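Residue-level listing of the chains:
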Amino acid sequence: VGSLLSGILSLVFLPDNRSVSRDASTTTNSKIKKKRSFLEDTRHSGQIAMRPSIWPLLTIKVIGGVCASMHSTAIPLVLTQVLHFEPQQLGLVMSCGMFAVAFFGAFFMAPLIKMFGSFGMMNLGMLSRSILGLVMAGVVSTYASTMLLSSTSTNNSETNSVDSVLMQIIIVSILHALSQHVLATGLTTQTTGNVDNDEQGALLGLEHSLFSLARIGGPAIGTAIFSFGGVLPVEMACGSIDVLTTVFLSITLGRYSSSKRKWP
């Protein structure tokens, strides 16, 4: 559903080839760009990444990717191994979060970024994500304890309890997915706003590469912590990292808020 919605919105709102061609020809006529080799492009991307207003954001991208992959690895494990959810219940939880992100991104992201700005969205996303992760761990832990205490209860009460906790987990999962989407949008808007137009492609490619590398180590870290103490230590680690990251952003990037760069 999200892919179909994105495709329809792209067809409606993205510029057509003629307007793109006109813009490209205008840009080409106004500025003749020298073609760079692969090594020169790589070196230029590294120079972009080391700029004082860029490297903290890329660092947050990597750290956020690790935390996101730790959470997304631990939640299916706890739902299936601890709460004994059926596969269709696990799929429902995941699908609701993805649909909420697609719907929210299509209709509410632009007003939100106008209201808070990209810097405010990053802080909002990280703080809300840390809180919602702990809420998810609390819901899971409470239900797991209830399962142990009510082993002699009737099947009807167990069914009602499963339905109740499933709805709670779906709601928290939706809010957590939205907070991650808000954080990612704020980061991307902030980084692309700090470079020239002809450097945005290189920066986005570097961002996605670093984010993919971060998601390689996240599942291993998440499963290791989960096997040690369950979902609560995983969410506590992610929450602590998010809070420290928010402080790091405020200290590192605060002095650039009044610089010559355009801040969204």
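That block above? That's the structure.
This write-up is about the structure you can find in this document. Throughout this document, residue positions are counted from 1 along each chain, in the order its sequence is written. Selection of residues for local features in this predicted model requires a pLDDT of at least 70, selection of side-chain atom pairs for listing and counting requires 80 or more, and totals for whole chains, interfaces and linings are taken over all residues. The side-chain numbers reported here are obtained from all heavy atoms of the structure, hydrogens and water having been left aside.

### What to know about the overall build of the protein chain
The secondary structure content of the protein chain amounts to nine helices and zero strands. Along its sequence from the N terminus, the protein chain presents helices and strands in the succession α-α-α-α-α-α-α-α-α. Within the protein chain, buried positions represent 36% of all 264 residues. The contact definition used throughout considers only heavy atoms, calling two residues in contact when any of these lie within 4.5 Å. In the protein chain, the proportion of contacts linking residues at least 24 apart, taken out of those at least 6 apart, comes to 84%. For the protein chain, the exposed area adds up to about 15200 Å²; of that, 67% sits on carbon and sulfur atoms. A run of H or I in DSSP becomes a helix once it reaches four residues, and a run of E becomes a strand once it reaches two; helices and strands are each numbered from the N terminus. In this scheme, a residue with accessible area under 20% of its type's maximum is buried, one over 50% is exposed, and one in between is partly exposed, where area comes from a 1.4 Å probe on protein chains only. What sets the accessible areas is the Shrake-Rupley method with a 1.4 Å probe; for residues, cover comes only from the shown protein chains.

### What to know about the state of the cysteines
Counting rule for disulfides: a pair of cysteine sulfur atoms within 2.5 Å. A complete count under the given rule lists zero disulfides for this structure. Of the cysteine sulfurs around cysteine 238, a residue in no disulfide, the closest is that of cysteine 67, at 4.5 Å. The buried category is assigned to cysteine 238, whose relative accessible area is 5%.

### Points about a nonpolar patch on the surface
Together, Phe99, Phe103, Phe107 and Phe108 give the surface a local cluster of nonpolar side chains, amounting to about 410 Å² of exposed area. Relative accessible area serves as the criterion here: at 46%, phenylalanine 107 is assigned to the partly exposed category. A patch consists of residues exposed above 30% relative accessible area that lack any salt bridge, with like charges linked at up to 9 Å and nonpolar side chains (Val, Leu, Ile, Met, Phe, Trp, Tyr) linked at up to 5 Å. Just to be clear on terms, a salt bridge is a Lys or Arg side-chain nitrogen sitting within 4 Å of an Asp or Glu carboxyl oxygen.

### Focus: the environment of leucine 79
For leucine 79, the location among the structural elements is in helix α4 (residues 55-82). For leucine 79, a relative accessible area of 0% gives the class buried. Apart from the residues within four sequence positions on either side, leucine 79 is in contact with His84, Phe85, Leu90, Val93 and Ile169.

### Things to note about the nonpolar core
One finds Val78, Leu79, Leu83, Phe85, Ile169 and Val231 to be the most contacted residues of the largest nonpolar core, which totals 27 residues. For this core, the secondary structure elements donating two or more residues are α4, α5 (87-107), α6 (109-149), α7 (155-193), α8 (200-229) and α9 (231-253). With seven residues, the top contributor of residues to this core is α4. Contacts of valine 78, omitting those with residues within four sequence positions, involve Leu83, Val140, Phe226 and Val231. Counting ten residues, the second largest nonpolar core, distinct from the first, contains Ala100, Val101, Ile113 and Met121. Residue types Ala, Val, Leu, Ile, Met, Phe, Trp, Tyr and Cys, when buried and joined through side-chain atoms within 4.5 Å, form a set referred to as a nonpolar core.

### Comments concerning the packing of α4 against α5
In this description, a line fitted to the C-alpha atoms serves as the axis of each element, helices being fitted only across the stretch in contact, and the angle between N-to-C directions of two axes falls anywhere from 0 to 180 degrees. Here α4 crosses α5 at 150 degrees, and the two axes come no closer than 10 Å. Here α4 lies roughly antiparallel to α5, going by the angle between them. Handedness of the crossing formed by α4 with α5: right-handed. Along the contact surface, α4 presents Ile75, Pro76, Leu79 and Thr80, while α5 presents Leu90, Val93 and Met94. Side-chain classes follow a simple rule in which Ala, Val, Leu, Ile, Met, Phe, Trp, Tyr, Cys and Pro form the nonpolar group, Asp, Glu, Lys and Arg form the charged group, and the remainder, Gly included, forms the polar group. Grouping the amino acids of the contact of α4 with α5 by side-chain chemistry returns six nonpolar, one polar and no charged. Under this scheme an angle from 65 to 115 degrees is roughly perpendicular, one under 35 degrees roughly parallel, and one over 145 degrees roughly antiparallel; angles in between are oblique. Crossings are assigned a handedness: left-handed for a near helix turned anticlockwise from the far helix by less than a right angle, right-handed for a clockwise turn.

### Focus: empty space enclosed by the protein
The method is simple in principle: a probe with the dimensions of a water molecule rolls over the atoms, and the space it marks as empty is what remains. Any residue with an atom within 4 Å of a point lines the site, the site being either a cavity, points on a 1 Å grid over the protein atoms alone where a 1.4 Å probe fits but cannot get out, or a pocket, an open set with protein on both sides within 12 Å along at least 5 of 7 lines. Grid points are joined across faces, edges and corners, and a volume is the space filled by probe spheres set on the points. Scanning all chains against the criterion turns up one cavity of 30 Å³ or more. A volume near 50 Å³ is recorded for the largest cavity. Lining the largest cavity are Cys67, Ala68, His71, Arg129, Ser130, Gly133, His176, Gln180, Glu235, Cys238 and Asp242. The set of elements that each furnish at least two residues to the lining of the largest cavity consists of α4, α6, α7 and α9.

### Describing the layout of surface pockets
When its volume is computed, the largest pocket comes out at roughly 690 Å³. Lining the largest pocket are 30 residues; nearest its centre among them are Ala68, Ser72, Ala177, Gln180 and Arg215. Counting only elements with at least two residues in the lining of the largest pocket, the list comes to α4, α5, α6, α7 and α8. Of the residues that constitute the lining of the largest pocket, the class distribution is 15 nonpolar, eleven polar and four charged.

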